[in-house]
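The lines below spell out each chain.
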Amino acid sequence: MHFRQLLPISAALLSGCQACLHDHILAPRLENEQAALRRGDVPAPVKMAIQNVRVFDGYAVGKPQTVIIEDGYITSSDENVAHIIDAGNRIMIPGLIDSHTHVQSVEGLENMTSYGVTTVFDMACQDYALCNSLKSMPGLASLFVSMLNALAASDHKSKLGQPSPELLVYPGKDPRFLVDYAFGNGSDYFKIVSQVFGPPQDQQSELVEYAHSKGQFVVAHAADVASYTRSVKAGTDVMQHIPDDGLLPPSVIKSMKENSHFSTPTMEIFRRAYTIQPEILQFLRGNSSATNTTYEHVIANVRRQHLAGVPILAGTDAVGNLVPGIYFPFGETLHHELVNLVSAGLTPAEALRAATIVPATAHRLHDRGAILPGMRADLILLNSDPLLNISNTRDIARIWVGGVEYANVAKLT
């Protein structure tokens, strides 16, 4: 049995992408992607048993047991096992999930996979043919995408290029067509860019309500207190980023908890912006002229959300080397984000859940995030215990994606 041959990309790439590091993101070269997508078939894995492995169950690491993989999923049946692996008493965790990134190439997916990131959520893709093709890459990280963001015409980013004028949000105009357009072109969820000059409260609420009526969920970019407050009030399901210009009002955090909203704070991009790459700040803040921005606000807001019981997701906003002058690597940065979350008050087990079962639940992916029969065999075998030190998630021995072992594992340096 073989997976189907992937089709090459037929449409030309657009000139840019509306990411959180928005219009300065360059498109990958078409010829490179065509070659990568013609890599050929990936053979289906044989039924295998991984013995003598200690499994992280979301709370603790258990005693040595056997994990059996068949047709890309975990099974409880031990019949007809064709291959046995001795894990040597190592620890197994579910494949990691990056809940906020910008992957636009096969190379980006490979980099993610090499660090054990087996599911990624791309927050903006203007080339529908490209991203729909990247969704089906056997043996590499699964890709889920927002194809079109709700961006206000008054936002400075709309003046720099994409999307085209007819796909912007204008005052007094019904914005709901954007939801239909996005999902009609392959979006897995809908994203609103909520900033100082972003869509006003009434239009955000209208977009969220309409997407919900279609059975879809909504995420929102919001990196300042005012924009974050508007998005929470609108009923956004998953908040992206966290304010660095002040503390969130207790009422906002309470509303998130009461309405089962999730937070993807992307602490790592803020940490880098405030320590080694200050040029990142202009992308995060957009037109904001706020002067009271600090990384301490980021840490405090995440800590307060966590203490209030708001579910936290691990996400990075990584773009690789797509932005001139900025290198924000795929995969590696998610491991840094886990360290950041622990520094904000999460336990190592909670940080691992923020990159496994919690984002799987938030994004309605019921086939991953835990090591149980019936779940996808997205698995990481670790040499060291991440519950003793969360940095041990980087000490990777082996990786499987949908039961397919990934050979080029990023080694601890």
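The rules behind each value
- Positions within a chain are numbered from 1, following the residues in the order the chain's sequence is written.
- Local features are withheld for residues below a pLDDT of 70 in this predicted model, meaning they are given only at 70 or higher, and side-chain atom pairs are given and counted only at 80 or more; totals for whole chains, interfaces and linings count all residues.
- Hydrogens and water are ignored here; the side-chain numbers use all heavy atoms of the structure.
- Numbering of helices and strands runs from the N terminus, with a helix taken as a DSSP run of H or I at least four residues long and a strand as a DSSP run of E at least two residues long.
- For every residue, the accessible area obtained with a 1.4 Å probe (protein chains only) is divided by the maximum for its type, and the residue is called buried under 20%, exposed over 50%, and partly exposed between those limits.
- Note on definitions: a residue-residue contact is assigned when non-hydrogen atoms from the two residues lie within 4.5 Å.
- Per-residue and other accessible areas follow the Shrake-Rupley method at a 1.4 Å probe size, with only the shown protein chains counted as cover for residues.
- Salt bridge, as applied in this entry: a Lys or Arg side-chain nitrogen positioned within 4 Å of an Asp or Glu carboxyl oxygen.
- Disulfides are defined in this document as cysteine sulfur pairs within 2.5 Å.
- By this definition, two strands are paired if DSSP reports at least two bridges between them.
- Angles shown run from 0 to 180 degrees and are taken between the N-to-C directions of axes, each axis being a line fitted to C-alpha atoms and, for helices, limited to the stretch in contact.
- Remark: nonpolar core denotes a set of buried residues (Ala, Val, Leu, Ile, Met, Phe, Trp, Tyr, Cys) joined through side-chain atoms within 4.5 Å.
- Between the first and last residue of a helix there are one fewer steps than residues, each counted as 1.5 Å, and that sum is the expected span.
- Here the arc refers to the directions that run from the helix axis out to each C-beta atom.
- Just so you know how the angles are binned, under 35 degrees is roughly parallel, over 145 roughly antiparallel, 65 to 115 roughly perpendicular, and the rest oblique.
- Each crossing gets its hand from how the near helix is turned against the far one by less than a right angle, where anticlockwise is left-handed and clockwise is right-handed.
- Side-chain classes are defined by residue name, with Ala, Val, Leu, Ile, Met, Phe, Trp, Tyr, Cys and Pro counting as nonpolar, Asp, Glu, Lys and Arg as charged, and the others, Gly among them, as polar.
- Within 6.5 Å between ring centres, the rings of Phe, Tyr and Trp (the latter by its six-membered ring) count as paired, and their orientation is classed by plane angle as stacked under 30 degrees, edge-to-face over 60, tilted in between.
- By definition, pLDDT measures how confident the predictor is in each residue, and it falls between 0 and 100.

Asker: How should the overall build of the protein chain be read in this particular structure?
Answerer: For the protein chain, the count of helices and strands is 13 helices and 20 strands. Within the protein chain, the proportion of its 413 residues that are buried is 60%. In the protein chain, of all internal contacts separated by at least 6 residues, the share reaching a separation of at least 24 is 68%. Looking at the protein chain as shown, the accessible area adds up to about 15,800 Å², and 52% of this sits on carbon and sulfur atoms.

Asker: Explanation requested: the pattern of salt bridges in the structure shown.
Answerer: In a structure, side chains of opposite charge can pair up when their charged atoms sit close to one another. A full pass over the atoms with the stated rule returns ten salt bridges. A salt bridge links Glu268 to Arg271, with the shortest nitrogen-to-oxygen separation between them at 2.7 Å. With a gap of three residues between them, Glu268 and Arg271 both fall in helix α8 (residues 267-275), about one helical turn apart. We classify Glu268 as buried; its relative accessible area is 0%. Overall, Arg271 belongs to the partly exposed group, its relative accessible area being 25%. One salt bridge in this structure joins Asp378 and Arg376, with 3.0 Å as the shortest N-O distance. Per residue, the accessibility class of Asp378 equals that of Arg376, and both read buried. The structure contains a network of salt bridges with shared partners spanning Asp174, Arg176 and Glu206.

Asker: Looking at this model, I keep getting lost on the state of the cysteines. Mind explaining?
Answerer: Two cysteines form a disulfide when their sulfur atoms are joined by a covalent bond. This structure, assessed with the given rule, holds one disulfide. Each sulfur of the disulfide joining Cys125 and Cys131 lies 2.0 Å from the other. Between Cys125 and Cys131, the S-S dihedral sits near 100°, and the bridge is therefore right-handed.

Asker: So what exactly am I meant to see when it comes to the sheet that holds strand β11 (residues 149-150) here?
Answerer: Strand pairing in a sheet relies on backbone hydrogen bonds, with the paired strands running either antiparallel or parallel. Overall, parallel pairing links the five strands, which are arranged β11-β12-β13-β14-β15 in an open sheet. The open sheet is flanked by β11 and β15 (262-264), the only strands paired with a single partner. Strand direction decides the pairing type here: strand β12 (residues 190-193) and strand β13 (residues 218-221), joined by four bridges, are parallel. Counted as the bridge partner of Phe190 is Val218 from β13. Relative to β12, helix α5 (residues 201-213) is tilted by about 175°, and along the sheet it contacts β11, β12 and β13.

Asker: Help me out: how do you make sense of the environment of Asn321 in this one?
Answerer: Tracing the chain through its elements places Asn321 in strand β16 (residues 320-323). Asn321 has contacts with Ile326 and Tyr327, leaving out every residue within four places of it along the chain.

Asker: Quick question: what am I supposed to make of the nonpolar core here?
Answerer: Nonpolar side chains tend toward joint burial in soluble globular proteins. Of all hydrophobic cores here, the largest spans 84 residues; its most connected members are Ile93, Leu109, Phe190, Ile192, Tyr228, Met267 and Leu341. Grouped together as the second largest cluster of nonpolar side chains are 18 residues, Met48, Val55, Leu379 and Trp400 included.

Asker: Sorry, what's going on with α5 here?
Answerer: For an α-helix, the turn length of 3.6 residues means that residues three or four places apart are oriented alike. Compared with the 18 Å implied by 1.5 Å per residue over 13 residues, the 18 Å span of α5 between its first and last C-alpha is a close match. For α5, the complete set of buried residues consists of Gln203, Gln204, Leu207, Val208, Tyr210 and Ala211. Buried positions in α5, seen along its axis, are confined to an arc of 165° and lie on one side of it. Projecting away from the buried face of α5 at angles above 90 degrees are the exposed residues Asp202, Glu209 and Ser213. Within two residues after α5, Gly215 carries a phi angle of roughly 80°, on the positive side.

Asker: Explanation requested: the packing of α5 against helix α6 (residues 225-234) in the structure shown.
Answerer: When two helices pack together, you describe them by how their axes are tilted relative to each other and by the distance separating the axes. Relative to each other, α5 and α6 sit at 40°, their axes nearing to 8 Å. By the angle between their axes, α5 is oblique relative to α6. Seen along the crossing, α5 lies across α6 with a hand that is right-handed. Where α5 approaches α6, its residues Gln201, Gln204, Ser205 and Val208 are matched on the opposing element by Arg230, Ser231, Lys233 and Ala234. In terms of residue class, the contact of α5 with α6 is made up of two nonpolar, four polar and two charged.

Asker: Hey, could you run me through the packing of aromatic side chains in this one?
Answerer: The description of an aromatic ring pair rests on the distance of the ring centres and on the angle between the ring planes. Scanning all chains against the criterion turns up five aromatic pairs. A ring pair is formed by Phe121 and Tyr189, whose centres lie 5.8 Å apart and whose planes are at 50°; its orientation type is tilted. Of this pair, Phe121 sits in strand β9 (residues 117-122) while Tyr189 sits in the loop between α4 (177-184) and β12, placing them 68 residues apart in sequence. Here the two residues Phe121 and Tyr189 agree in accessibility, since each one is buried.

Asker: Just to check I follow, could you spell out the pairing of strand β3 (residues 48-56) for this structure?
Answerer: Looking down a regular strand, the side chains alternate between one sheet face and the other. Of the strand pairs in this sheet, β3 and strand β4 (residues 61-70) are connected by six bridges, and their pairing is antiparallel. In the sheet register, Met48 faces β4, and the bridge partner there is Ile69. If you look at the hairpin formed by β3 and β4, you'll find four residues sitting between the two strands, and Gly58 has a positive phi there, around 105°. Across four bridges, β3 lies against strand β6 (residues 83-86) in parallel orientation.

Asker: Would you take a moment to explain the confidence of the model for the protein chain for this structure?
Answerer: Low-confidence regions, as indicated by low pLDDT, have predicted coordinates that should not be scrutinised in detail. Taken residue by residue, the protein chain gives an average pLDDT of 87. The fraction at 70 or more is 85%. Taken together, the stretch residues 1-31 has pLDDT below 50 and engages in 103 contacts with residues farther than four places along the chain or on a different chain.

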